[in-house]
Amino acid sequence: MSHDPGMPSTAGPRARTIGQPSARAEARRFATGTGAYVDDLPVHRLLHAAFLRSPVAHGTIVKLDLAPALRMDGVVAAWDGETLAAHCQPVRGVLAHLPAMQAALQWPLARGRVRWVGEPVAIVVAESRAIAEDAAQSIAFEWADLPPLVDPRAALEADAPRLHPELDSNLMFTATVATANVDQAFARAATVVELALRSERVTAMSLEPRGLLAQWDAAQRRLTVRMGTQVPWMMQAVFANVLGLDCDQVRVVAADTGGSFGSKIHCYGDESAVAVAAMLVGRPLRYVVDRLEAFVSDVHARGHEAIVRAAADADGRLTAFEVDDLCGAGPFSIYPRGSVNESRHVLGLTGACYRATEYRARIRVALQNKAIYGQYRGVGHPLACLFTEAAVDAVARRLGVDPLAFRRRNLVPDDAYPHRAPSGARFERLSLCACLDELARLMDYDRLRSDQRAPSVGREPGVYRGIGLAVFVENSNHSSSNYGRGGAPIASRDGATARLTQGGGIHCAIGLTDSGQGVTTAMAQIAADAIGVPLADVRVFMGDTEHTPVSGGNWGSRGTGISGEALWQAGLALRAQLLEAAAALHACSPEALDLVDGVVQRRDDASSLCTLKALAEAIYFRPERFPPGFRPEPAAQRHYAQTEYDGIYTNGASASWVEVDTRTGFVKVLGHWIVDDCGTVINPLLLDEQLRGAAVQGIGQALFEGCLYGTQGELRNATLADYLVPMAAEMPDIHVGHVATPTATSALGAKGGAEAGVTGALASVVNAINDALLPLDAHVLELPVTPERILRAIGALDRR
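### Here's the deal with the sheet that holds strand β28 (residues 648-661)
Next up, step 1: Across the sheet, 4 strands lie side by side as β20-β28-β29-β30; this open sheet has mixed pairing. Single-partner strands in this sheet number two, and they are β20 (463-476) and β30 (734-738). Looking at each pair of strands side by side, their axes are set apart by 15 degrees on average, direction ignored.
Next up, step 2: Sheet analysis places β28 next to strand β29 (residues 666-677), joined by 11 bridges and oriented antiparallel. Considered in β29, the bridge of G652 is made with D676.

### Considerations on the pairing of strand β25 (residues 599-602)
Next up, step 1: In terms of strand pairing, strand β24 (residues 593-596) meets β25 through 4 bridges, oriented antiparallel. Each bridged residue has a counterpart across the sheet, and for L595 the counterpart in β25 is V600.
Next up, step 2: Hairpin connection between β24 and β25: a loop of 2 residues separates the two successive antiparallel strands, and D597 in this loop has a positive phi of roughly 55 degrees.
Next up, step 3: Relative to strand β26 (residues 608-611), β25 runs antiparallel, the two sharing 3 bridges. Counterpart to V600 in the pairing with β26 is C610.
Next up, step 4: Linkage of β25 to β26, two consecutive antiparallel strands, is achieved through a turn of 5 residues, within which A606 is found at a positive phi near 60 degrees.

### Brief notes about the domain arrangement of the protein chain
Next up, step 1: Domain annotation of the protein chain identifies domain 1 (12-35 + 493-640), domain 2 (44-150 + 205-297) and domain 3 (431-476 + 648-800).
Next up, step 2: Facing 23 residues of domain 1, the contacting portion of domain 3 comprises 20 residues.
Next up, step 3: Taking both sides of the interface into account, the surface hidden between domain 1 and domain 3 amounts to around 1500 Å²; carbon and sulfur atoms contribute 61%.
Next up, step 4: For domain 1, the biggest contributors to the area lost against domain 3 are Q517, S557 and E565; these three give 31% of the whole.
Next up, step 5: Joining domain 1 to domain 3, the criterion identifies 0 salt bridges.
Next up, step 6: Counting across the interface, domain 1 meets domain 3 through 10 residue pairs in polar contact (both at pLDDT 80 or more).
Next up, step 7: Put simply, the parts of the chain that give the side of domain 1 that touches domain 3 at least two residues each are α15 (519-531) and α16 (559-586).
Next up, step 8: The element that contributes the greatest number of residues to the side of domain 1 that touches domain 3 is α16, accounting for 6 residues.
Next up, step 9: Tallied by class, residues from the side of domain 1 that touches domain 3 come to 7 nonpolar, 14 polar and 2 charged.

### Points about the packing of aromatic side chains
Next up, step 1: Taken as a whole and assessed by the stated rule, the structure comprises 9 aromatic pairs.
Next up, step 2: The side chain of R309 reaches across the aromatic face of F186, ending 4.1 Å from its centre.
Next up, step 3: Across from the ring centre of W555, 4.8 Å away, lies the NZ or CZ of R337, which sits over that ring.

### Here we look at empty space enclosed by the protein
Next up, step 1: As enumerated under the stated definition, the model contains 10 cavities of 30 Å³ or more in all.
Next up, step 2: Considered as a void within the structure, the largest cavity measures approximately 110 Å³ in volume.
Next up, step 3: Of the residues belonging to the lining of the largest cavity, the class tally is 9 nonpolar, 3 polar and 3 charged.
Next up, step 4: Within this model, the second largest cavity holds a volume of roughly 80 Å³.
Next up, step 5: If you go around the second largest cavity, you meet 13 residues; those closest to its centre are L349, A384, C385, F472 and V473.
Next up, step 6: Looking at the lining of the second largest cavity residue by residue, the classes come out as 8 nonpolar, 4 polar and 1 charged.

### Details of the side chain of Q368
Next up, step 1: The residue Q368 is located in the loop between β17 (358-366) and α11 (381-399) in this model.
Next up, step 2: Look at Q368 and you get buried, because its relative accessible area is 2%.
Next up, step 3: Once residues within four sequence positions are removed from consideration, Q368 is found in contact with R115, L149, V150, P152, L163, R201, G328, A329, G330 and P331.

### As for the side chain of N651
Next up, step 1: The topology assignment puts N651 in strand β28.
Next up, step 2: Assessed through its relative accessible area of 0%, N651 is described here as buried.
Next up, step 3: Among the polar contacts listed, one links the side chain of N651 to the backbone nitrogen of S431, at a separation of 3.0 Å.
Next up, step 4: For N651, the contacting residues outside a window of four places in its chain are L430, S431, L432, C435, F472, V473, V675, D676 and D677.

### Structural notes on the environment of R716
Next up, step 1: Inspection of the secondary structure assignment puts R716 in the loop between α18 (684-703) and β30.
Next up, step 2: The class of R716 is exposed, set by a relative accessible area of 56%.
Next up, step 3: Excluding anything up to four places from it in sequence, R716 contacts L708, Y709 and G710.

### Focus on the environment of Q230
Next up, step 1: Note that Q230 resides in the loop between β11 (222-227) and α7 (232-243).
Next up, step 2: Residue class for Q230 comes out buried when judged on its relative accessible area of 6%.
Next up, step 3: As for Q230 and A744, which are separated by 514 residues in sequence, their C-alpha atoms are 27 Å apart.
Next up, step 4: In contact with Q230, other than residues within four places in its own chain, are S260, F261, G262, S263, K264, I265, T513, G553, N554 and W555.
Next up, step 5: From its side chain, Q230 meets the backbone nitrogen of G262 in a polar contact 3.1 Å long.

### Some words on the packing of helix α10 (residues 341-349) against α11
Next up, step 1: Contact pair α10 / α11: the axes reach a minimum separation of 8 Å and the direction vectors enclose 40 degrees. In this view, α10 runs oblique relative to α11, as classed from their interaxial angle. In the packing of α10 onto α11, the handedness of the crossing is right-handed. Contacts between α10 and α11 involve E342, H345, V346 and L349 on the former and, on the latter, H381, L383, A384, F387 and T388.
Next up, step 2: Residues of the contact of α10 with α11, tallied by class, amount to 5 nonpolar, 3 polar and 1 charged.

### Observations concerning the pattern of salt bridges
Should the charged atoms of two oppositely charged side chains come close, the side chains can pair.
Next up, step 1: Under the criterion given, the structure shown has 42 salt bridges.
Next up, step 2: The salt bridge involving R286 is made with D39; its shortest N-O contact spans 3.7 Å. Of this pair, R286 sits in strand β13 (residues 285-288) while D39 sits in the loop between α1 (27-31) and β1 (47-53); the two residues are 247 residues apart in sequence, bridging distant segments of the chain.
Next up, step 3: A salt bridge links R283 to E127, with the nearest nitrogen and oxygen atoms 3.3 Å apart. Pair noted here: R283 is in the loop between α8 (269-281) and β13 and E127 is in the loop between β5 (120-126) and α4 (129-138), with a separation of 156 residues, a long-range link.
Next up, step 4: Residue classification places E127 among the partly exposed positions, given a relative accessible area of 37%.
Next up, step 5: Through salt bridges with shared partners, a single network forms among R53, R129, E133, R210, D270, E271, E293 and D298.

Basis of the calculations
- Residues numbered from 1 in each chain as written.
- Predicted model: local features only at pLDDT ≥ 70, side-chain atom pairs only at ≥ 80, totals over all residues.
- Heavy atoms only, no water.
- Pairing = 2+ DSSP bridges.
- Helix = DSSP H or I, 4+ residues; strand = E, 2+ residues; numbered from the N terminus.
- Axes fitted to C-alpha atoms, helices over the stretch in contact; angles between N-to-C directions.
- Domains from an automatic or database assignment.
- Contact = heavy atoms within 4.5 Å.
- Buried area = accessible area lost by both parts, 1.4 Å probe.
- Salt bridge = Lys/Arg side-chain N within 4 Å of Asp/Glu carboxyl O.
- Polar contact = N/O pair within 3.5 Å; in protein donor to acceptor, adjacent residues only side chain to side chain.
- Nonpolar A, V, L, I, M, F, W, Y, C, P; charged D, E, K, R; others polar.
- Phe/Tyr/Trp six-rings, centres within 6.5 Å; stacked < 30°, edge-to-face > 60°.
- Lys NZ or Arg CZ within 6 Å of the ring centre and 35° of its normal.
- 1 Å grid on protein atoms, 1.4 Å probe; cavity = no way out; pocket = protein on both sides within 12 Å on 5 of 7 lines; lining within 4 Å.
- Points joined across faces, edges and corners; volume = space filled by probe spheres on them.
- Buried < 20%, exposed > 50% of the residue type's maximum accessible area, 1.4 Å probe, protein only.
- Parallel < 35°, antiparallel > 145°, perpendicular 65-115°, else oblique.
- Left-handed = near helix turned anticlockwise from the far one by under 90°.

Here you go:
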């Protein structure tokens, strides 16, 4: 069978739905208002939780009197950190394979000291949410202020007070890497650039905030938690750990989830407190974070300061990169993944797309009195890309070389794989050059350059245009090297089950969840092609630790590549079993049969032998029709783990076309392009929308978003009136293209694509703005690139 690039190659099933732009089958349910989010779930005898949170960034708890809350009508119970601690265990967000990492124990509620604005201090359980909130505010809470550690550099000074007395410093993690001849490469270079970059913290801002419904069954001693989550199996282990239960005593069910972007893959103290409280009160307990709470309790990300250097020889060849990166990650390391992975990506991936052979990097993660750090879509990939691509553009400008031509000269060639970067990162198969060439074609690069250089016909005076490029890599299909080896309860092997129903349909079970990506549809497409049935005949059940196979869940662009491969293999196995059953039923060889669109056919003449409905009837209701001793198997389960590499990297390129008004500092993005290589494309419609959505988040961080803290550690813009998120009217048309380089580590050949859009967007937007400002000899390297920062860069504020 011939196959298109990126299509699974197998002698068995034909690709009929894989690669097709099928609309999301689950969308109708949400569009008609029949979705079931945590706040929609009807439950008998339901109670509600609310929290008292710290109003200060750092202080000693002097008084915490729950009596006023407990006296209120409708209040069932209340606990502070000390009283709740008798019923649970703390967590520590360290990874054993990172011996340089240190973190303090974290309890669900603060004990003795508060360490960030928004830290949960007490929980109240009541008959209604309103009563619980009123009661929480009635708690008598007094504290003694302590000096907050807001600046990560100040936190690392030798004389800085330790945020946790039991730790030897405020340094959560540090790591370095260096090749042998870095200093010589910079000393011999014809051109060296050095940039200081800074980005504000951001937060995920999913449409549906975090929430959970916890219910303890005292008779069976089992806890059931329904929650918006990307990782039900991980959360099963987390709740068991916090509550001192066996994993099998905890069931986690992923409810419909209205977005996540990484914010719902962590263990939060308030969620643990709800689970403990549900056990203690013996009634169902629901808690949904409101938007104001989300700003100060959800994980933050991407607030970094970095010094980046790049060197090139007289021929315009990049020879070396260097990065020194610092971030402040809050007072605790988020459990169980830890809060250092952004920095680890910076360490491993800065400069990795290019042929420079010398590299040096240092990363430091500091403790501080701000909200805890965690993984947000793309994690550290957008930062590594920003640091690299800003430096690459700076070298090209210094040399007077077109940035597209400069990248073509310096990228690792597409025929050089497998390849190991100077940092040690290993890449299986990339297509950096092909993606850049396709990007140039898709955006019509030469025409845009001509437009940029042409007289500003139709443009207002002081309006400049610029083009920004970015080439990137993005990790997916992770092995156990990220978490499993570090002791985190996050599976790297996923399972999938496929079975024939008594009505002739196909039911599949996987451990993934769907938070808006269209996972249900994409997985149904994989199963339909593997088995040989119409897409409409496949139903996919997900995210229930009691009824689906173990899975690491949806994070790091791993779902399609890992769970999808497991389902592909389960589908192939079921297909073979059904053909064996049909052959036994009709006294012929399985090799003589095919399964096409739910009908068993003879291969030689494509004549129909039986439908799957007829076969199911025989299997389930008429077993005597089969030869003596033959036992048909109408179900199959397979598991898959990627073990050859730490991860299977995808890659791509993005471009932005912007207009900068130097009178106001306003930036308008006129166009944005992405070319992505994620191997086999299962559903181009879903993939393209994932890429566009991720690009919007990247553009948002580049231009608008930032968590603005005051000197006392208070978040000053913790509302949607003040925290600017990108709106539809501000976004350009986003054009998407593809190059397909399937991974050889799986039969399906799929890699991840959910984060590629954001990975290059920060860099391409920033580079486009600085390209526009080039005639003014100005640049901005602080994100978000606000009008004020642009006006300051061009000296306009000095003239006012």
